[in-house]
Amino acid sequence: MDSQALRDWGHRYNVEGLAGLRSRNPPDPFAETHRAAEDELAGLSEPAPLWRWGGALAAD
């Protein structure tokens, strides 16, 4: 363990108590990119076309 990690743990303990010492998952560096792509794709989607089959309308 290096001294920077120990200082970080000390700061986290001072701010959050024991909960600050629990292991944390690193942030996903692409999370914002994924959200932006999902929003863009959601804007591109269209309702399914209706088609006839046996004389009746049915949704695709």
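Residues numbered from 1 in each chain as written. Predicted model: local features only at pLDDT ≥ 70, side-chain atom pairs only at ≥ 80, totals over all residues. Heavy atoms only, no water.

## Some thoughts on helix H2 (residues 31-44)
At step 1: In this model H2 runs 20 Å from its N-terminal to its C-terminal C-alpha over 14 residues, within 8% of the 20 Å that 1.5 Å per residue would give.
At step 2: With zero of 14 residues buried, H2 lies mostly on the surface of the structure. (Helix = DSSP H or I, 4+ residues; strand = E, 2+ residues; numbered from the N terminus. Expected span 1.5 Å × (residues − 1). Buried < 20%, exposed > 50% of the residue type's maximum accessible area, 1.4 Å probe, protein only.)

## Topic: helix H1 (residues 3-16)
At step 1: Its 14 residues give H1 an end-to-end C-alpha distance of 20 Å, which sits within 8% of 20 Å, the value for a rise of 1.5 Å per residue.
At step 2: Gly 17 lies just past H1 and shows a positive phi near 70°.

## Quick look at the confidence of the model for the protein chain
At step 1: On average, residues of the protein chain carry a pLDDT of 78, and 75% of them reach 70 or more.
At step 2: For the protein chain, per-element mean pLDDT is lowest for strand E2 (residues 56-59), which scores 55, and highest for H1, which scores 90. (pLDDT = per-residue confidence, 0-100.)

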